[in-house]
Amino acid sequence: MTLVILEKAHIESVLVGNDTVQKMYINGEWVESESKYTREIINPANGEVIGVVTEGSVEDAKKAIAAAKQAFYKNGWMNSKARDRAELLLKISNKLEERKEEFAYLDTLNNGKTVRESIADVEDAVNQLRYYAGMATKPHGQTYDVPDDIQAMVVREAIGVVGIIVPWNYPLVMANQKIAAALAAGCTVLVKPAQQTPLSVIRLFEIIDEVGFPPGVVNLVLGSGSKVGAEIVANPDVDKVSFTGGTDTGIKLMKSAADTVKKISLELGGKSPNIVFADADFESAVDYALFAIFANQGQVCSAGSRLVLEENLYETFVPELVKRAKLIKVGPGWEKGVEMGPLVSEDHMNNVLNYIEIGKKEGATLLCGGNRIVEGDLEKGYYVEPTIFGDTTPNMRIVQEEIFGPVLVIQTFKTEEEAIELANGTAFGLAGAVFTQDGAKAQRVIRQLRAGITWINTYHPTFNEAPWGGYKQSGIGRDLGTYGFEEYLEIKQININLKVEPSGFFEGK
Ligand code: NAD
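Just so you know, these numbers come straight off a predicted model, no measurement behind them.

Rules used in this analysis
- Residues numbered from 1 in each chain as written.
- Predicted model: local features only at pLDDT ≥ 70, side-chain atom pairs only at ≥ 80, totals over all residues.
- Heavy atoms only, no water.
- Helix = DSSP H or I, 4+ residues; strand = E, 2+ residues; numbered from the N terminus.
- Rg over C-alpha atoms; globule rule 2.2 N^0.38 Å.
- Buried < 20%, exposed > 50% of the residue type's maximum accessible area, 1.4 Å probe, protein only.
- Contact = heavy atoms within 4.5 Å.
- Areas by Shrake-Rupley, 256 points an atom, 1.4 Å probe, with all protein chains shown as cover.
- Expected span 1.5 Å × (residues − 1).
- Pairing = 2+ DSSP bridges.
- Axes fitted to C-alpha atoms, helices over the stretch in contact; angles between N-to-C directions.
- Domains from an automatic or database assignment.
- Buried area = accessible area lost by both parts, 1.4 Å probe.
- Salt bridge = Lys/Arg side-chain N within 4 Å of Asp/Glu carboxyl O.
- Polar contact = N/O pair within 3.5 Å; in protein donor to acceptor, adjacent residues only side chain to side chain.
- 1 Å grid on protein atoms, 1.4 Å probe; cavity = no way out; pocket = protein on both sides within 12 Å on 5 of 7 lines; lining within 4 Å.
- Points joined across faces, edges and corners; volume = space filled by probe spheres on them.
- Nonpolar A, V, L, I, M, F, W, Y, C, P; charged D, E, K, R; others polar.
- Phe/Tyr/Trp six-rings, centres within 6.5 Å; stacked < 30°, edge-to-face > 60°.
- Lys NZ or Arg CZ within 6 Å of the ring centre and 35° of its normal.

**Section: the overall build of the chain**
Thought 1: Along the backbone of the chain there are 16 helices and 23 strands.
Thought 2: In terms of C-alpha radius of gyration, the chain reaches 24 Å, essentially the compact-globule figure of 23 Å for 509 residues.
Thought 3: Seen through its principal axes, the chain has C-alpha atoms that stretch 90 × 60 × 40 Å.
Thought 4: Taking all 509 residues of the chain together, the buried fraction comes to 55%.
Thought 5: For the chain, the share of sequence-separated contacts (at least 6 apart) that also reach a separation of at least 24 residues comes to 74%.
Thought 6: Put simply, the chain shows about 21800 Å² of open surface, and 50% of that area lies on carbon and sulfur atoms.

Shown next, in the form of structure tokens:
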């Protein structure tokens, strides 16, 4: 593991200062909201204001949608050439790579994640742009052997204007992966980052501006979900919404999208099981159980937030897990040796602490953590101890609901059937893992998991080449890979008459 050593002043040198109002990017111009309201952006490691951004309104969202519509239909982006789009995406990727540290520091300052995690995020984003640059030229059509002297074929076409709405836990990557896929497919886009974490996406638009897209092809709108986000979903000129966020929000979006029969893909929440059998490799199972829940402060949709543990392993596994959880070094994401940063905001920290209280009241046993960390300077930030609950029952709220923080609940089982039942026993179906050295058992169990992203003897590795998304209430559709690309394409059937003569259906002349 590379330990990062950075001075606070060094990392903060990427900020533009609080005297500058950071703008939206609409129709190829940097603009302030017509509302003239602004929003302060907070560093969750210390509560300091690290930027001021313009607060977009419904009117601004409408302007961005109109610009994207004009660019797609009237100004001809719908007929843009795949090779040209690929070239533009490659240019973005190269510029982003050159400025890797700058973007990583922005995400660390704005989201709280450690620099080693934010560096990995930017590398991922660079790869996403290159992957989809390659994909731009790959949507091939089909021809069919049909009767009646007809040549039937299918062509793939860009879906049109795409509204992209993303959360705060991977500020750059979430927006970037959708922008890359939608642009590769030939769509025009408007992006709304989470209101808490817009800084790296604003900076990405500096690059987008430099590489030279026609006005209106790529737009950035800032602001709240309830106003700007809701307008993007409701507006009839948006052809497709690609959303990542909470399940409750996803439900609202789906209802609103129904009014315009809008195509919508939803990447939602999770409560993913990490099943550990007694025959697993002990060291790696403990290690991955920690990584599964405490990476990114537990603010990962696919986090292994339920450890589903074979009962006869409990007495050796759990003390080791608790011992190691207590050793996790928590602090500002840029400090030497820090392994876990703060939660994204004071509000979110309070939600997580509230869940911990609920767990205690429900009668689960708090095995470690459970508190806000207030030692020294950490008092200024939103830090929560790595927390583990034992003695849970399946119907407890801390077992059923997504906490989205560093809180692990342990469930125990005696048989394989019981493990599967517990694992599938929530409304979610995003991810899950199984640890065992019995290859056949691993396959049996993983095939029974009702989840879209699964692992055997590991947790979390994900790749831009492979589809990302959930079963059940974890979502609809997929991001990433070829499946993610398909989300931005329509399918058109074309039938060509090879024998040009009257049909003769009506005889009278
Ligand atoms: P959230 O649902 O509160 O917000 C996500 C985005 O939706 C934000 O940009 C927000 O402004 C916007 N929004 C909120 N209300 C809206 C509305 N009525 N109409 C339109 N847009 C609206 O989620 P969050 O708290 O930012 O993020 C955490 C959630 O995201 C967790 O549930 C997590 O599991 C989920 N998530 C899922 C994935 C995945 O791939 N499945 C990935 C990351 C995060």
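Okay, back to it.
**Let's talk about unusual backbone geometry**
Thought 1: Of note, the phi angle at Asn27 is positive, near 55°, even though the residue is not glycine.
Thought 2: With respect to the helices and strands, Asn27 occurs in the loop between strand 2 (24-26) and strand 3 (29-31).

**Description of helix 11 (residues 314-326)**
Thought 1: Spanning 13 residues, helix 11 covers 18 Å between terminal C-alpha atoms, matching the ideal 18 Å at 1.5 Å per step.
Thought 2: On the buried face of helix 11, the contacting elements are strand 13 (273-276), helix 10 (282-294), strand 14 (306-310), strand 15 (365-368), strand 16 (387-390) and strand 17 (407-413).

**Description of the sheet that holds strand 23 (residues 489-497)**
Thought 1: Ordered in space as 6-7-23, the three strands form an open sheet in which the pairing is antiparallel. The open sheet has two edge strands, strand 6 (142-145) and strand 23, and neither has a second partner. Across the sheet, the axes of successive neighbouring strands diverge by a mean angle of 25°, strand direction being ignored.
Thought 2: Taken together, the nine bridges between strand 7 (residues 150-158) and strand 23 define a ladder with antiparallel strand orientation. Paired with Ala152 across the bridge in strand 23 is Asn495.

**Remarks on the sheet that holds strand 20 (residues 453-456)**
Thought 1: In space, the seven strands of this open sheet follow the order 15-16-17-14-13-19-20, with mixed pairing throughout. Lying at the two open borders of the sheet, with one neighbouring strand each, are strand 15 and strand 20. Geometrically, the sheet is characterised by an average inter-axis angle of 20° between neighbouring strands, direction not taken into account.
Thought 2: In the sheet, strand 13 pairs with strand 19 (residues 431-435) via three bridges, with the strands oriented parallel. Looking at strand 19, one finds that Val276 is bridged to Phe435.

**What about the environment of Gly76?**
Thought 1: Here Gly76 lies in the loop between helix 2 (58-74) and helix 3 (82-98).
Thought 2: When its relative accessible area of 27% is taken as the criterion, Gly76 is described as partly exposed.
Thought 3: Each C-alpha atom, one on Gly76 and one on Lys192, is 24 Å from the other, the two residues being 116 residues apart in sequence.

**Some points on the domain arrangement of the chain**
Thought 1: By domain assignment, the chain separates into domain 1 (12-268 + 474-493) and domain 2 (273-456).
Thought 2: Contacts between the two partners involve 24 residues from domain 1 and, on the opposite side, 27 residues from domain 2.
Thought 3: Between domain 1 and domain 2, a total of about 1900 Å² is buried, with carbon and sulfur atoms accounting for 57% of that surface.
Thought 4: Taken together, domain 1 and domain 2 are joined by zero salt bridges.
Thought 5: Counting across the interface, domain 1 meets domain 2 through nine residue pairs in polar contact (both at pLDDT 80 or more).

**Section: the layout of surface pockets**
Thought 1: Considering only enclosed or pocket space, the largest pocket measures out at about 1400 Å³ in volume.
Thought 2: Along its surface, the largest pocket is lined by 50 residues, and Trp168, Gln196, Gly245, Gly246 and Thr249 are the ones closest to its centre.
Thought 3: The set of elements that each furnish at least two residues to the lining of the largest pocket consists of strand 4 (38-42), helix 8 (225-234), strand 11 (240-244), helix 9 (247-258) and helix 12 (346-362).
Thought 4: When residues of the lining of the largest pocket are assigned to their parent elements, the largest contribution, seven residues, is made by helix 9.
Thought 5: Class assignment for the residues of the lining of the largest pocket results in 21 nonpolar, 19 polar and 10 charged.
Thought 6: Of the volumes computed, that of the second largest pocket is approximately 1100 Å³.
Thought 7: Every residue lining the second largest pocket is counted, 33 residues in all, and those nearest its centre are Glu117, Tyr170, Phe291, Ala295 and His460.
Thought 8: Listed by contribution, the elements that provide at least two residues to the lining of the second largest pocket are helix 5 (115-135), helix 6 (171-185) and helix 10.
Thought 9: The biggest single contributor to the lining of the second largest pocket is helix 5, with seven residues.
Thought 10: Tallied by class, the residues present in the lining of the second largest pocket amount to 18 nonpolar, seven polar and eight charged.
Thought 11: Two domains each put at least three residues into the lining of the second largest pocket: domain 1 (12-268 + 474-493) and domain 2 (273-456).

**Considering the packing of aromatic side chains**
Thought 1: On inspection of all chains with the given rule, the structure shows 13 aromatic pairs.
Thought 2: Ring plane angle 80° and centroid distance 4.8 Å describe the contact between Phe72 and Tyr73, whose orientation is recorded as edge-to-face.
Thought 3: Between Trp455 and Tyr459, the aromatic rings sit 4.5 Å apart at their centres with planes inclined by 40°, giving tilted as the arrangement.
Thought 4: The class for Tyr459 is buried, based on a relative accessible area of 0%.
Thought 5: Grouping aromatic residues by their ring pairs yields a cluster made of Tyr25, Trp30 and Phe205.
Thought 6: Sitting over the face of the ring of Tyr488, Lys240 holds its NZ or CZ atom 5.5 Å from the ring centroid.

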